[in-house]
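# Geometric and topological summary
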Protein chains: 2
Amino acid sequence: MNRKPIGIFDSGLGGLSVLKKIQQQLPGEDIVYLGDTARVPYGTRSKKTIERFSIQCARFLVDKGVKCIVIACNTSSSNALEIIKKQTSLPIFDVVNSSIEALKELKSVKNIGVIGTSATVNSHIHRKLINFRKFKIVFEIPCPLFVPLVENGEIESKITDLVAHKYLSKKRDKVQAVIMACTHFPIIKKSIKKALGEKVTLIDPAEKLSLSLKEYLLKNNFESDRNNGKLTFYVTDISSTFKDTASVFLGKHSQLKIRKTSLDN
Amino acid sequence: MNRKPIGIFDSGLGGLSVLKKIQQQLPGEDIVYLGDTARVPYGTRSKKTIERFSIQCARFLVDKGVKCIVIACNTSSSNALEIIKKQTSLPIFDVVNSSIEALKELKSVKNIGVIGTSATVNSHIHRKLINFRKFKIVFEIPCPLFVPLVENGEIESKITDLVAHKYLSKKRDKVQAVIMACTHFPIIKKSIKKALGEKVTLIDPAEKLSLSLKEYLLKNNFESDRNNGKLTFYVTDISSTFKDTASVFLGKHSQLKIRKTSLDN
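If you're wondering where the values come from, they're calculated on a predicted model, not measured in any experiment.

Residue and element names in this part refer to chain A. In this structure the tally under the stated criterion is 0 disulfides over all chains. Between cysteine 143, a free cysteine, and cysteine 182, which holds the nearest cysteine sulfur, the sulfur-to-sulfur gap is 9.0 Å. Residue class for cysteine 143 comes out buried when judged on its relative accessible area of 1%. No disulfide involves cysteine 182; its nearest neighbouring cysteine sulfur is the one of cysteine 73, lying 7.5 Å away. Look at cysteine 182 and you get buried, because its relative accessible area is 6%.

Residues and elements named next belong to chain B. Of the voids in this model, the second largest pocket is the one considered here, and its volume is about 380 Å³. Considering the residues around the second largest pocket, the lining is formed by 16 residues, among which Ser17, Pro186, Ile187, Lys189 and Asp204 are closest to the centre. Elements supplying a minimum of two residues to the lining of the second largest pocket: α1 (16-25) and α9 (189-196). The class makeup of the residues in the lining of the second largest pocket is 7 nonpolar, 3 polar and 6 charged. Here the lining of the second largest pocket spans two domains, since at least three of its residues come from each of domain 1 (6-94 + 206-260) and domain 2 (97-205).

Between chain B and chain A, the residue contacts involve 34 residues of the former and 34 residues of the latter. When chain B packs against chain A, the two sides together hide about 2,600 Å² of surface, and 51% of this comes from carbon and sulfur. Linking chain B to chain A there are 2 salt bridges. Linking chain B with chain A are 16 residue pairs in polar contact (both at pLDDT 80 or more), by the criterion used here. Elements supplying a minimum of two residues to the side of chain B that touches chain A: α2 (47-63), α5 (118-123), α7 (146-151) and α8 (158-168) of chain B. It is α8 of chain B that provides the largest number of residues to the side of chain B that touches chain A, a total of 5 residues.

A word on the relation of the copies chain B and chain A. Each of the two chain copies can be generated from the other by rotation about an axis followed by a shift along it. After a rotation of 180 degrees and a shift along the axis of 0.0 Å, chain B superposes on chain A with an RMSD of 0.0 Å. What we have between these two chains is a two-fold relation. Residue arginine 39 of chain B, judged by its C-alpha, is the member of chain B lying nearest the rotation axis, at 2.5 Å.

All right, on to the sheet that holds strand β8 (residues 201-203) of chain B then. Residues and elements named next belong to chain B. Spatially, the 4 strands line up as an open sheet ordered β6-β5-β7-β8, and their pairing is parallel. The sheet is open, and its two edges are formed by β6 (136-142) and β8, each paired on a single side. If you compare each strand with its neighbour and ignore which way they point, the axes differ by 20 degrees on average. Two elements, strand β5 (residues 111-116) and strand β7 (residues 177-181), share 5 bridges in a ladder whose sense is parallel. Paired with valine 114 across the two strands is isoleucine 179, which belongs to β7.

What follows covers the pattern of salt bridges. Where charged atoms from two side chains of opposite charge come close, those side chains can pair. Residues and elements named next belong to chain B. Here the structure, examined in full by the defined rule, presents 24 salt bridges over all chains. In this structure, the salt-bridge partner of lysine 194 is aspartate 161, at a minimum N-O distance of 2.8 Å. Of this pair, lysine 194 sits in helix α9 while aspartate 161 sits in helix α8; the two residues are 33 residues apart in sequence, bridging distant segments of the chain.

In this model, helix α3 (residues 74-87) of chain B (14 residues) spans 19 Å end to end at C-alpha, consistent with the 20 Å of a helix rising 1.5 Å per residue. Turning to α3 of chain B, its buried residues number three or more, namely Asn74, Thr75, Ser76, Ser77, Ser78, Asn79, Ala80, Leu81 and Ile84 of chain B.

The predicted coordinates should not be examined in detail at positions where pLDDT is low. Taken residue by residue, chain A gives an average pLDDT of 96. The fraction at 70 or more is 99%. In the predicted complex, the global pTM is 0.96; the interface-specific ipTM is 0.95.

What follows covers the domain arrangement of chain A. Often, the extent of an interface is quoted as the loss of accessible area on bringing the components together. Residue and element names in this part refer to chain A. Examined at the domain level, chain A breaks down into domain 1 (6-94 + 206-260) and domain 2 (97-205). Taking only C-alpha atoms into account, the centre of domain 1 sits 22 Å from that of domain 2. Roughly 1,700 Å² of surface becomes buried between domain 1 and domain 2 when both sides are summed, with 52% attributable to carbon and sulfur atoms. For domain 1, the biggest contributors to the area lost against domain 2 are Asn74, Lys208 and Val248; these three give 31% of the whole.

This brings us to the sheet that holds strand β8 (residues 201-203) of chain A. Residue and element names in this part refer to chain A. Strand order in this open sheet of 4 strands is β6-β5-β7-β8, and the pairing throughout is parallel. At either end of the open sheet lies a strand with only one pairing partner, and these are β6 (136-142) and β8. Strand-to-strand twist across the sheet, computed as the mean angle between neighbouring axes with direction ignored, equals 20 degrees.

This part takes up the environment of alanine 181 of chain A. Residues and elements named next belong to chain A. Tracing the chain through its elements places alanine 181 in strand β7 (residues 177-181). The class of alanine 181 is buried, set by a relative accessible area of 0%. Expressed as a C-alpha distance, the spacing of alanine 181 and threonine 44, which sit 137 residues apart in the sequence, is 14 Å. Beyond its immediate chain neighbours, meaning those up to four positions away, alanine 181 contacts Asn74, Val114, Ile115, Gly116, Thr117, Thr120 and His126.

Right, let's get into the packing of aromatic side chains. All chains considered together, the criterion is met by 14 aromatic pairs over all chains. Measuring from centroid to centroid gives 5.0 Å for phenylalanine 60 of chain B and tyrosine 234 of chain B, while their planes differ by 80 degrees, and the two rings are edge-to-face. With phenylalanine 60 of chain B in helix α2 and tyrosine 234 of chain B in strand β9 (residues 231-235), this residue pair connects regions lying 174 residues apart in the sequence. Across this residue pair, the class does not change: phenylalanine 60 of chain B and tyrosine 234 of chain B are buried. Taken together, the ring pairs in this structure connect Phe93, Tyr216 and Phe222 of chain A into an aromatic cluster.

All names here are of chain A. When the terminal C-alpha atoms of helix α2 (residues 47-63) are compared, their 24 Å separation across 17 residues agrees well with the 24 Å that a helix rising 1.5 Å per residue should span. Looking at α2, one finds that the buried residues are Thr49, Ile50, Glu51, Phe53, Ser54, Ile55, Gln56, Cys57, Ala58, Phe60 and Leu61. Of the residues flanking the end of α2, it is glycine 65, one or two places downstream, whose phi is positive at about 75 degrees.

Parameters and conventions
Residues numbered from 1 in each chain as written. Chains lettered and ligands numbered in written order. Predicted model: local features only at pLDDT ≥ 70, side-chain atom pairs only at ≥ 80, totals over all residues. Heavy atoms only, no water. Disulfide = S-S within 2.5 Å. Buried < 20%, exposed > 50% of the residue type's maximum accessible area, 1.4 Å probe, protein only. 1 Å grid on protein atoms, 1.4 Å probe; cavity = no way out; pocket = protein on both sides within 12 Å on 5 of 7 lines; lining within 4 Å. Points joined across faces, edges and corners; volume = space filled by probe spheres on them. Helix = DSSP H or I, 4+ residues; strand = E, 2+ residues; numbered from the N terminus. Nonpolar A, V, L, I, M, F, W, Y, C, P; charged D, E, K, R; others polar. Domains from an automatic or database assignment. Contact = heavy atoms within 4.5 Å. Buried area = accessible area lost by both parts, 1.4 Å probe. Salt bridge = Lys/Arg side-chain N within 4 Å of Asp/Glu carboxyl O. Polar contact = N/O pair within 3.5 Å; in protein donor to acceptor, adjacent residues only side chain to side chain. Least-squares fit on C-alpha atoms with pLDDT ≥ 70 in both. Pairing = 2+ DSSP bridges. Axes fitted to C-alpha atoms, helices over the stretch in contact; angles between N-to-C directions. Expected span 1.5 Å × (residues − 1). pLDDT = per-residue confidence, 0-100. Phe/Tyr/Trp six-rings, centres within 6.5 Å; stacked < 30°, edge-to-face > 60°.

This is the structure:
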């Protein structure tokens, strides 16, 4: 297991923020990342289509011989985790369950909110996973414009502030914590806080996911014995705006060696 | 030919505005519409991927026995018209060439602008098609946020005004006409005019396309001999927000009988 790579997939490039955290925690691990950039976004699609696309992503990683699968996309985690579990015996780490784990560690939090894509919010997955004696979900709000805003670089932007205000300002000071159930949302957390109130704790599952993954590998002696892991980066499309979108998640000067692949033919 | 349907395809539901114009001009024609809602939008993808998806759409219509193909998507028209022409001998009507035809009919217009998706603008197709002695393209501007704004119902909205201002206000009063090279843009023409100046003529190719199509059918005696044509409406995905998006283009109380199909497996 030790020399096998970790597999990560996302609907597009949002999962790069999860990749970054995993690389920080586990610098010696080889990683295969797959972003389905030919069909991104998943968050506006039906459960059936999200399941079909996500299964194709998971199969691609299984074929690459990964030792575990990280679902870095909240839409896939919410809608396709169960069906992927039926298709593989590999351990799976997903951003939705990680956000619940992160929530549990917070102190003096009772009322929580969930924000995500339409498909994530409509799955009501967080309602199914939380402990109702401990937490109360006060709102679940789809924020569909946040993804295109982030992908188009509208960060610390008046436009994003206005959209966040429209979606969230009625819930200002109504909860102690909010799960950011979309990889794009941490990028615009300043706008989200302006709308929800500065006191709210915003939960980004990436940190917790990387810690759980590290714990699992160490516990089972599955961790890499090298110092520097190799990243193999696959996408299903490379558009003219690819670099700009990647730099939103990785910073301006990051270099990625990209390989193009196809999932649907 | 007379009883064969007209085939229309679009990356999603934006082409419904083109469908509407064709139904107005040719109420007796049977129509097969295909919207690739599982993979919309095309405007953020590479030319190669747009070609691949568009060929699949065109083939689907050919298999349905259509008498001609309408490409209602500017991104497909800009990037995939040539490759589709190589694959079928059916006559093709597309929104980009129709916009050039509409432009030719305008009087006292010299300086023009083009706005569209990233993939449409990056194709520079309008530069290749216009008569340089008659017209001068002063700007070509991608407006990538307009599509998600329209799809999320941000019509006559402060947010859309602000985005339009950001994209276009530097070009205010710089041209006499602007080609709206995306089916979504006519829906927010008020915001576009606020940014570009009230005097600008905004060109929507849908009207011209429907007239050219009618002319072609009459000239060749290919028109339907019935009074009421039948619409068969295919999409590749039906998400929870489908109805809302369709109503943006067709109005609140429209009813569509939808059939789901798949292009990629």
